[in-house]
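Listed below, chain by chain, are the residues.
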Amino acid sequence: MNTQPLAMKLREINQSEDGGRMPKLASAVTHQYVLKHQSSLVVAYASACASEVFRIFAPEQPYEKEETLRAVYENFNQTLGWLKYASSSSSRRKKDHDDEDDENEDDEDEDDEGEKEEKEEEEEDGKKTKKKNSKKSTKKKTKADPANPPPNLERKRILFEQSERLLRNIAQYGLCVPVLDLEDKSTSVELAKDLFETLFDATTAKTEPIIGENVARVLNTMIEEAAEDTTVTDGNNTGNANYNKSLFHDEVLEHSPLLPEILEQTLSRLVEPKKSQNPSAHALSSALVVSCSTSLHVPTQKFLVKSIRNLVPKNHALFNLSKKHAAILEALASVDAAVLSTLWPELHEEARSEEVAQRLKACALLGLSLIHISEPTRPRLISYAVFCLK
């Protein structure tokens, strides 16, 4: 099966009953030979095809087997990693533009060609020896993985284009949701975690606009799904929708295996060491705090409150990050001070503690948050903070 033309053809099919008329389509693009193929190009095209299959068959689930769904999302994450080749796509466009310029300058360069050829002939003999020596080492490198050679510029361009298409489909059609349907929840959470980690790691100065506009949708969708999949009830409120909604962030943060992983992937980019390791990912994380305020602010606030009180369990996914709550609080103050508005009453309570160390910690955290707040909003927020501390 040639996946390249199939990927192009599937894009033309609308989301409708067409999927039901093609029962073999879903299984064809997820055949083991395709899913486990050693060629990165085949994996990329297969991922693009699978994302189109999800779109065409929606709202029906095209894949019922657990191992198939898992393999598809493993390929998705691998393909999204090739977003890092964004520069290759722009280089290709630049090359095409340069080729056009070269054609216009051919007539002017004819006189120089003869001189260049003579010079090249003189240098040829000297280069032959170097080529001969390097040829052996090149052959050795190629033999290391003949089925998947190092990507050249054209290969990288194709990989980037397929990964970009995949990301847009995931964001636009909510293709991050089916992974949560896996019965093995640990695998489900691991794949979702890998999805965010891959996107953050692939973020560069060139890919940030591409990733940023789509990852916000993915993040909002995943947090909503985390709430819906986490049911906490008691005997007096079973079936009460308002009750379950009120528990959205308080209990979900503790009981959902997914939400802590999302917070960890997002907030850890705001502080060291990841902040310095990838400044573009840090910028993306900062942008998400602002753009995803509806879904991200409240769980972030709950996490910080628990961290200040040292209530995050050691076996929790956010335990290590909770030790950096002061740095996170400081970072959030410079990104979006609104995230911290509900923390000041909490710091007020801490500042009135009988424990001297606890009072000093609360004052220090308050100071860290206020010094980074932008000048226009600082007076109002300082007044509110002073009121809380009275």
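Residues numbered from 1 in each chain as written. Predicted model: local features only at pLDDT ≥ 70, side-chain atom pairs only at ≥ 80, totals over all residues. Heavy atoms only, no water.

Caption draft 1: Quick peek at the overall build of the protein chain. A count of helices and strands for the protein chain gives 21 helices and zero strands. Across the 390 residues in the protein chain, those meeting the buried criterion constitute 44%. Of the contacts formed within the protein chain by residues at least 6 apart in sequence, a portion of 75% connects residues at least 24 apart. (Helix = DSSP H or I, 4+ residues; strand = E, 2+ residues; numbered from the N terminus. Buried < 20%, exposed > 50% of the residue type's maximum accessible area, 1.4 Å probe, protein only. Contact = heavy atoms within 4.5 Å.)

Caption draft 2: Geometry of helix H16 (residues 293-308). With 16 residues, H16 ought to run about 22 Å at 1.5 Å a step, and its terminal C-alpha atoms sit 21 Å apart, in line with that. Taken residue by residue, H16 has Ser295, Leu296, His297, Pro299, Thr300, Gln301, Phe303, Leu304, Val305, Ser307 and Ile308 as its buried positions. (Expected span 1.5 Å × (residues − 1).)

Caption draft 3: Molecular detail of the pattern of salt bridges. Tallying each qualifying case throughout the model produces seven salt bridges. Across the salt bridge formed by Arg157 and Glu161, the nearest N and O atoms sit 2.7 Å from each other. Remark: Glu161 and Arg157 occur in helix H8 (residues 153-173); sequence separation between them is four residues, near one turn of the helix. Taking relative accessible area as the criterion, Glu161 reaches 31% and is therefore assigned partly exposed. (Salt bridge = Lys/Arg side-chain N within 4 Å of Asp/Glu carboxyl O.)

Caption draft 4: Examining helix H5 (residues 66-80) more closely. For H5, spanning 15 residues, the distance from its first C-alpha to its last is 21 Å, which sits close to the expected 21 Å at 1.5 Å a residue. Looking only at H5, the buried set comprises Thr68, Leu69, Ala71, Val72, Tyr73, Asn75, Phe76, Asn77, Thr79 and Leu80. Lining the buried residues of H5 we find helix H3 (32-35), helix H4 (40-57), H8 and helix H9 (185-201).

Caption draft 5: Seen up close, the environment of Thr294. Note on placement: Thr294 falls in helix H16. Sequence-wise, Thr294 and Asn220 are 74 residues apart; in three dimensions their C-alpha atoms are separated by 8.5 Å.

Caption draft 6: Main features of the confidence of the model for the protein chain. Summing up the model confidence of the protein chain, the mean pLDDT is 76 and the portion of residues at 70 or higher is 66%. Mean pLDDT in the protein chain bottoms out at helix H11 (residues 241-246), which sits at 40, and peaks at helix H14 (residues 274-277), which reaches 96. Confidence drops under a pLDDT of 50 for residues 91-114, and excluding neighbours within four residues, the segment shows three contacts in the predicted structure. Taken as a whole, residues 232-249 scores under 50 in pLDDT and shows 17 contacts with residues more than four places along the chain or in a different chain. (pLDDT = per-residue confidence, 0-100.)

Caption draft 7: Looking closely at the packing of H5 against H9. Where H5 meets H9, the closest approach of the two axes is 9 Å, and the angle between their N-to-C directions is 15°. Taken together, the axis directions place H5 and H9 in an arrangement best described as roughly parallel. For the crossing formed where H5 meets H9, the hand is left-handed. For the pair H5 and H9, contact is made by Arg70, Tyr73, Glu74, Asn77 and Leu80 and by Thr187, Leu191, Asp194, Leu195, Thr198 and Leu199, respectively. Residue composition of the contact of H5 with H9, grouped by class: five nonpolar, three polar and three charged. (Axes fitted to C-alpha atoms, helices over the stretch in contact; angles between N-to-C directions. Parallel < 35°, antiparallel > 145°, perpendicular 65-115°, else oblique. Left-handed = near helix turned anticlockwise from the far one by under 90°. Nonpolar A, V, L, I, M, F, W, Y, C, P; charged D, E, K, R; others polar.)

Caption draft 8: Region of the structure containing the packing of H4 against H8. The geometry of H4 relative to H8 is characterised by a closest axis approach of 9 Å and an angle of 20° between their N-to-C directions. It follows from the interaxial angle that H4 and H8 lie roughly parallel. Relative to H8, H4 is oriented so that their crossing is left-handed. Mapping the contact onto sequence places Ser40, Leu41, Ala44, Tyr45, Ser47, Ala48, Ser51, Glu52 and Arg55 in H4 and Arg155, Ile158, Leu159, Gln162, Arg165, Leu166, Asn169 and Tyr173 in H8. A breakdown of the residues in the contact of H4 with H8 according to their chemical character gives eight nonpolar, five polar and four charged.

Caption draft 9: Spatial organisation of the packing of aromatic side chains. Summed over the entire model, instances satisfying the criterion amount to four aromatic pairs. Geometrically, the ring pair formed by Tyr73 and Phe76 is edge-to-face, given 5.1 Å between the ring centres and 65° between the ring planes. Here Tyr73 and its partner Phe76 are both found in helix H5, three residues apart, which amounts to about one turn of the helix. Residue Phe76 is classed as buried on the basis of its relative accessible area, which comes to 1%. The structure contains a cluster of three or more aromatic residues connected by ring pairs, namely Phe54, Tyr63, Tyr73 and Phe76. (Phe/Tyr/Trp six-rings, centres within 6.5 Å; stacked < 30°, edge-to-face > 60°.)

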